[in-house]
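Coordinate inspection notes
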Amino acid sequence: MQFSTNNPGYKIYAKVATALFRLYDTFFRPAFPPVVRIESTNICNASCTTCPRDQLTRKPGVMDFDLFQKIIDECAAHKTHRIHLHNFGEPLIDRELTKKISYAKDRGMKVRVFSNLSLLTEELAQGLVSSGLDDIKISFDGYTRETFENIRRRLKFEDVVHNIRLLIDTKNRMGSSTPKVGLTFVETPENSHEKELFLKEWKGMADNTIITKYHNWGGKVISHAQAKLIPCPRIWSTLTVLWNGDVALCCLDFDGSVILGNVRTQSIADIYQSDKINDIRNYHLTWQYSRIPICSDCSLRK
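Our subject in this report is the structure included herewith. (Residues numbered from 1 in each chain as written. Predicted model: local features only at pLDDT ≥ 70, side-chain atom pairs only at ≥ 80, totals over all residues. Heavy atoms only, no water.)

Of the two faces of strand S7 (residues 238-241), both are covered, the one formed by Thr 238 and Thr 240 as well as the one formed by Leu 239 and Val 241. Here strand S1 (residues 35-38) pairs with S7 via four bridges, running parallel. Bridging across to S7, Ile 38 finds its partner in Val 241. Hairpin connection between S7 and strand S8 (residues 246-248): a loop of four residues separates the two successive antiparallel strands, and Gly 245 in this loop has a positive phi of roughly 100 degrees. (Buried < 20%, exposed > 50% of the residue type's maximum accessible area, 1.4 Å probe, protein only. Helix = DSSP H or I, 4+ residues; strand = E, 2+ residues; numbered from the N terminus. Pairing = 2+ DSSP bridges.)

The omega torsion of the bond from Thr 178 to Pro 179 falls at 5 degrees, within 30 degrees of zero and hence cis. Of note, Pro 179 is situated in the loop between helix H6 (157-173) and strand S5 (180-187). You will see that Leu 117, though not glycine, has its phi angle at about 65 degrees, which is positive. By the element assignment, Leu 117 lies in the loop between strand S3 (110-115) and helix H4 (122-131). One non-glycine residue, Trp 287, adopts positive backbone phi at about 60 degrees.

The next point concerns the environment of Gly 218. Checked against the element boundaries, Gly 218 lands in the loop between strand S6 (208-213) and helix H8 (234-237). Separated by 32 residues in sequence, Gly 218 and Cys 250 place their C-alpha atoms 9.7 Å apart.

With that settled, consider the packing of helix H3 (residues 97-106) against H4. Between H3 and H4, the least distance of the axes is 9 Å, while the angle of their chain directions is 10 degrees. With respect to each other, H3 and H4 are oriented roughly parallel. Taking contact as the criterion, the partners of Leu 97, Thr 98, Ile 101, Ser 102 and Lys 105 in H3 are, on H4, Leu 124, Gly 127, Leu 128 and Ser 131. Residue composition of the contact of H3 with H4, by class: four nonpolar, four polar and one charged. (Axes fitted to C-alpha atoms, helices over the stretch in contact; angles between N-to-C directions. Parallel < 35°, antiparallel > 145°, perpendicular 65-115°, else oblique. Contact = heavy atoms within 4.5 Å. Nonpolar A, V, L, I, M, F, W, Y, C, P; charged D, E, K, R; others polar.)

Glancing now at the pattern of salt bridges. For the structure on display, the rule yields 15 salt bridges. Among the ionic pairs, Asp 141 bridges to Arg 152, the shortest N-O distance being 3.0 Å. Of this pair, Asp 141 sits in the loop between strand S4 (135-139) and helix H5 (145-151) while Arg 152 sits in the loop between H5 and H6, placing them 11 residues apart in sequence. Of the two residues, Asp 141 and Arg 152, both sit in the buried class. A salt bridge links Arg 145 to Glu 158, with the shortest nitrogen-to-oxygen separation between them at 3.8 Å. You can see Arg 145 sitting in helix H5 and its partner Glu 158 sitting in helix H6, a full 13 residues away along the chain. Residue Arg 145 is classed as partly exposed on the basis of its relative accessible area, which comes to 45%. (Salt bridge = Lys/Arg side-chain N within 4 Å of Asp/Glu carboxyl O.)

Right, let's get into the environment of Asp 270. Inspection of the secondary structure puts Asp 270 in helix H9 (residues 268-272). Residue Asp 270 is classed as exposed on the basis of its relative accessible area of 53%. Through-space distance from the C-alpha of Asp 270 to that of Ala 31 is 9.0 Å; in sequence the pair is 239 residues apart.

And the structure:
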């Protein structure tokens, strides 16, 4: 159910939810993040209208394999098995992507990748299947070529459709149940009229299809969503490591405006339990969102 933040019922709901977050933080918070998001690269070949890439000031780059190994080894030691091998870039640009997936899988990780899939080749499709990748989510924000290319600029509709089918056919030909292939449709005013057609087209072809709402990237772009009062679960559930080792506050902090530490010189465990992030958690628990600008206007707090 959707409430206005001025609705008395919503405020009661927000107070109860916040109390539960405080209980979790006090008694049940794990010593290590349940999910670690690793940005293999922040480089992308697209220029989507739903993405604030034109505001990016971070240096472009690709995570070196030694740093990736260090991260995965610590995750394995702490028995964290969920790795999202993507963040603010196109993972298929990383030439060592399948090598990284294989390394993580060999150490018991469950690995997910989010991609626009425009760069897929037959060789890479085979590599993704052979690597043991568990799950790949493909951004596909339109049913027609015109709508898709108006939103996902620099990409070709027919190429992405071909590549989705290529990956599914390759998986089936190799007799593998993975990766699970999911399509994600981010609903905006420009494509909402096509969402039902999208679901009908891909049902039964992809393993799953998802419609999600557009968000405002921590207040960095305009959206129709409204920031909420409830604390954000991401600061307890996920740690986001950028390609150079910096740890950003969350996956929406695309430009690294709040850096919690760097895994080249610090452990993930220490960063996850640091005073800096604990102060931010406390600001959320006391509704002091203005203390963290990227959280203040974020529409993904629910």
